[in-house]
Amino acid sequence: MSVELNHTIIHSRDNRESAEFLAGLLGLEVGPAWGPFVPVVLANDVTLDFATIPEESITPQHYAFLISEAEFDAAFARIKELGIAYYADPHLRHPGEINHNDGGRGVYFPDPSGHGMELITRPYGG
């Protein structure tokens, strides 16, 4: 059997808010709550299970999503429409810009719980 990532848990201030935020930006569906988790399933069948925990217990993490050019256009338009701060780099030194690394496009932005989200249209080294 090959090894595949099946799911991961993302700590959130509000599991539903965070799941709906990401799903809304990426044009995905929020699944029904399962115990303490609100899931968002990605195209490769990996599930992101959002779990509510106390805000002071959240350690910001980084989540990068490889998406198509059309999906980038749609998600980036939603980021701008919602007035979400965005950056061309993970160190947040280039606000209001996107990058063109590896011949694609990329953008970094925070989710409602402070996690660093990244959208790219080309994998690194591509």
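All residue numbers refer to position in the chain's written sequence, counted from 1. Local features are withheld for residues below a pLDDT of 70 in this predicted model, meaning they are given only at 70 or higher, and side-chain atom pairs are given and counted only at 80 or more; totals for whole chains, interfaces and linings count all residues. Only hydrogens and water are set aside when side-chain values are computed; all heavy atoms of the structure are taken into account.

Identification of the protein chain as VOC family protein from Streptomyces rhizosphaericola is taken from an unreviewed UniProt entry.

With respect to the environment of Leu25
Secondary structure elements are taken from DSSP: a helix is a run of H or I of four residues or more, a strand is a run of E of two residues or more, and numbering for both begins at the N terminus. On the secondary structure map, Leu25 appears in helix H1 (residues 15–26). Accessible area is worked out with a 1.4 Å probe on protein chains only. A residue is then buried under 20% of its type maximum, exposed over 50%, and partly exposed in between. What makes Leu25 buried here is its relative accessible area of 2%. Contacts are assigned to residue pairs that have any heavy atoms within 4.5 Å of one another. Beyond its immediate chain neighbours, meaning those up to four positions away, Leu25 contacts Ala75, Arg78, Ile79, Leu82 and Phe109.

Observations concerning the nonpolar core
Counting residues in each nonpolar core, the largest one holds 26 residues, and the members touching the most others are Phe65, Ile79, Val107, Phe109 and Leu119. Looking at this core, the elements that each hand over two or more residues are H1, strand E2 (37–41), strand E3 (47–52), strand E4 (62–66), helix H2 (69–81), strand E5 (106–110) and strand E6 (116–120). The greatest single-element share of this core, amounting to six residues, is contributed by H1. Setting aside chain neighbours within four positions, we find Phe109 in contact with Phe21, Leu25, Ile79, Ile84, Ala85, Tyr86, His115, Gly116, Met117 and Leu119. Nonpolar cores are built from buried Ala, Val, Leu, Ile, Met, Phe, Trp, Tyr and Cys residues. Side-chain atoms within 4.5 Å join them into one set.

Quick notes on the pattern of salt bridges
Any Lys or Arg side-chain nitrogen located within 4 Å of an Asp or Glu carboxyl oxygen qualifies as a salt bridge. Applying the stated criterion across every chain, the model contains five salt bridges. Between Arg13 and Glu17 there is a salt bridge whose closest N-O contact spans 3.6 Å. In this structure Glu17 comes out as partly exposed when scored by relative accessible area, which is 34%. A salt bridge links Arg16 to Glu20, with the nearest nitrogen and oxygen atoms 3.8 Å apart. Highlighted residues: Arg16 and Glu20, both in helix H1, separated by four residues, approximately one helical turn. For Glu20, a relative accessible area of 43% translates into the label partly exposed. Through salt bridges with shared partners, a single network forms among Arg13, Glu17 and Glu55.

Notes on the pairing of E6
Among the five residues in E6, four count as buried, and that is most of the element. The pairing criterion is simple: DSSP has to find at least two bridges between the two strands. As paired strands, E4 and E6 are joined by five bridges and run parallel to one another. Following the sheet pairing, Phe65 is matched in E6 by Leu119. Bridge count for E5 against E6 is five bridges, and the pairing is antiparallel. Of the residues in E6, the one forming a bridge with Val107 is Leu119. Hairpin connection from E5 to E6: five residues lie between these consecutive antiparallel strands, with Gly114 at a positive phi of about 90 degrees.

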